[in-house]
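As a plain string of letters, each chain reads:
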Amino acid sequence: MVALQLFVNGIVTGCALGVVAISFSLIYSTLRIFHVAHAGIYTMGGYVAYSLVMHGVPDILALLLAMVAAAMAGAAIQVLLYQRLAARKGTHLVVLIASLGLLAVIQNLLAAIYSANILQFPGAWSGEIVNLGDGIRLTKVQFLTVIVCILAYIGMMLFAHRTLLGKRIRAVASNPFLAEITRLRPQAVYVYVIAIASAVVCLPGVLVPYDLGLQPYGGVTPLLTATIAMIAGGVGSITGAFLLSVAISVVQNLSLLVMPGEWSIGVTFFVFVIFMLFRPTGLFAAR
Amino acid sequence: MKIEVSGINAGYGAKTVIQDVSFTLEPGQILAFLGHNGAGKTTTLKTIMGLLAPRAGSIAADGKTLDRLDVAARVAMGLRLLPEGRGIFPDLGVAENIDVVAAANVGPGATFTAEDVYRLFPVLAERRTTRAGSMSGGQQQMLALGLAILGTPRCLMLDEPSIGLAPNLVERMFDQVRDVCRSHAMTAILVEQNVAAAMRIADRVIIMNNGALVFDGLPDEARGSDFWSYF
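What counts and what doesn't
- Residues numbered from 1 in each chain as written.
- Chains lettered and ligands numbered in written order.
- Predicted model: local features only at pLDDT ≥ 70, side-chain atom pairs only at ≥ 80, totals over all residues.
- Helix = DSSP H or I, 4+ residues; strand = E, 2+ residues; numbered from the N terminus.
- Rg over C-alpha atoms; globule rule 2.2 N^0.38 Å.
- Buried ≥ 20, exposed ≤ 12 C-beta atoms within 10 Å, placed from the backbone.
- Contact = placed C-beta atoms within 7 Å.
- Nonpolar A, V, L, I, M, F, W, Y, C, P; charged D, E, K, R; others polar.
- Axes fitted to C-alpha atoms, helices over the stretch in contact; angles between N-to-C directions.
- Left-handed = near helix turned anticlockwise from the far one by under 90°.

> Can you lay out the overall build of chain A for me, pointing to particular residues and giving the numbers?
Along its length, chain A carries 11 helices and 2 strands. Helices and strands in chain A line up, N terminus first, as α-α-α-α-β-β-α-α-α-α-α-α-α. Compactness check: chain A gives a C-alpha radius of gyration of 19 Å against a globular reference of 19 Å for 287 residues, within 12% of the reference. Based on the C-alpha atoms only, the size of chain A along its principal axes is roughly 60 × 50 × 35 Å. Sorting the 287 residues of chain A into buried and exposed places 50% on the buried side. Within chain A, contacts between residues at least 6 apart in sequence are counted, and of these 77% link residues at least 24 apart.

Spelled out as structure tokens, the structure:
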């Protein structure tokens, strides 16, 4: 029974992580930028929603407005930072350091405005218990997280493969040079991609803090785990990134059955390292 | 489309690759643009396309100077480049390749729509859902050519299109290029290592050596001269 509850908890965390991973993966496979500041956008989304909710805005509307704000912030990062670095031929390392610097700026701004303490969303609905039978229990917001994040994954798949913009994004990711000479306007596509990914990452960015509370530095661990899921799943594979996120979280939760909590993350990552030794291109490698 | 290249110099960083390159192509002319590796042929194409800014000289298409136009604007005018070895989106399906490029380039009254491309290259119609990168070299090159002509191309630049293709395929593809150029008064610049195949369809030959033009004439003049000394 404990095992089943841990399994379900792993699914909840994994689905949230999965959306962080697919949004990060969308940026990485298209822009080839290791956009660490995505963790800052993830955190910022939660704080924007928090502020709105505290001012009496309904939860759903607060989530949607946070997504809009994040999309604009993401687009601004591309236009004001990454695009300029690319125009000046900044190397991957320079761009990574710029992104890390930006993450620190976002985190410290949030800490300065909201304090570094953990903030809890008001409203009792999120903590209400949903009974899944057999004594397996989730809070309402955990249940919602699973539903919303799975829908986000399905939506992302449909967007990438069925819509013209999705195909255009995949074309730019596949061959940016050809995209340039066939008028697909890769520079504009990069802005769309980072805006879309920033909006999508707000889904877990808002829902998870409803459960666990908000902290300015809370985005880094999810992002790191998500990048590992992305690499293990095979860079460029949306399904791989999502499934591996769920798998990693489930394994991490189930490992609590046999070892103390402080060991679980270390052991999970050890398993990952072994896995990468045998399958360095990831599970769902595109090529 | 009439192409006038006058006195262009271009290069990368401190290195100058092409010097004082000038030639004029009449509408519908097919140019075999020859020379050994590193002679500056691809650099010339990139400069015409706007991918590389010339340090001196200018380029005009149908009498209109291109100097201030970016790549997208030149493509819209009808300049098209089939880049060497990377003319497709390998991770997308064949139909997806054609759809995205058609959406950005096929307007009302376009010379080549997606249907025209499928008609020209029936093998692509049979492979609509195949991942482009998993097709054979010949099929990939058909797709690349199809992508390059979508919309209203008026000057087609092909950078080593025959690389890695079987000789009979090369002949067929070049015949197709010639037919398309003849029927639509489309200018073509054909950069090739396969000299014989290129000369067969060309009505003009330019040879480049070490960044400069060393021969400019008709294919028969080229054949009649001490041809290989130019390389």
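> Explain the interface of chain B and chain A residue by residue, including any values.
At the junction of the two partners, chain B supplies 21 residues and chain A supplies 16 residues. Among the elements of the structure, helix H2 (71-77) and helix H3 (94-105) of chain B are those that each provide at least two residues to the side of chain B that touches chain A. Looking at the side of chain B that touches chain A element by element, the count peaks at 7 residues for H3(B). Looking at the side of chain B that touches chain A, its residues break down into 15 nonpolar, 2 polar and 4 charged.

> Quick rundown of the packing of helix H1 (residues 2-31) of chain A against helix H5 (residues 140-162) of chain A? Include the residues and the values.
If you want to describe how two helices pack, look at the angle between their axes and the distance between the axes. All names here are of chain A. It is the contact of H1 with H5, at a shortest axis distance of 9 Å, that shows an interaxial angle of 35°. Where H1 crosses over H5, the two elements pack in a sense that is left-handed. Each of Ile 11, Val 12, Cys 15, Ala 16, Gly 18, Val 19 and Ile 22 in H1 lies in contact with H5, whose residues at this interface are Gln 142, Thr 145, Val 146, Cys 149, Ile 150, Ala 152, Tyr 153 and Met 156. Tallied by class, residues from the contact of H1 with H5 come to 12 nonpolar, 3 polar and no charged.

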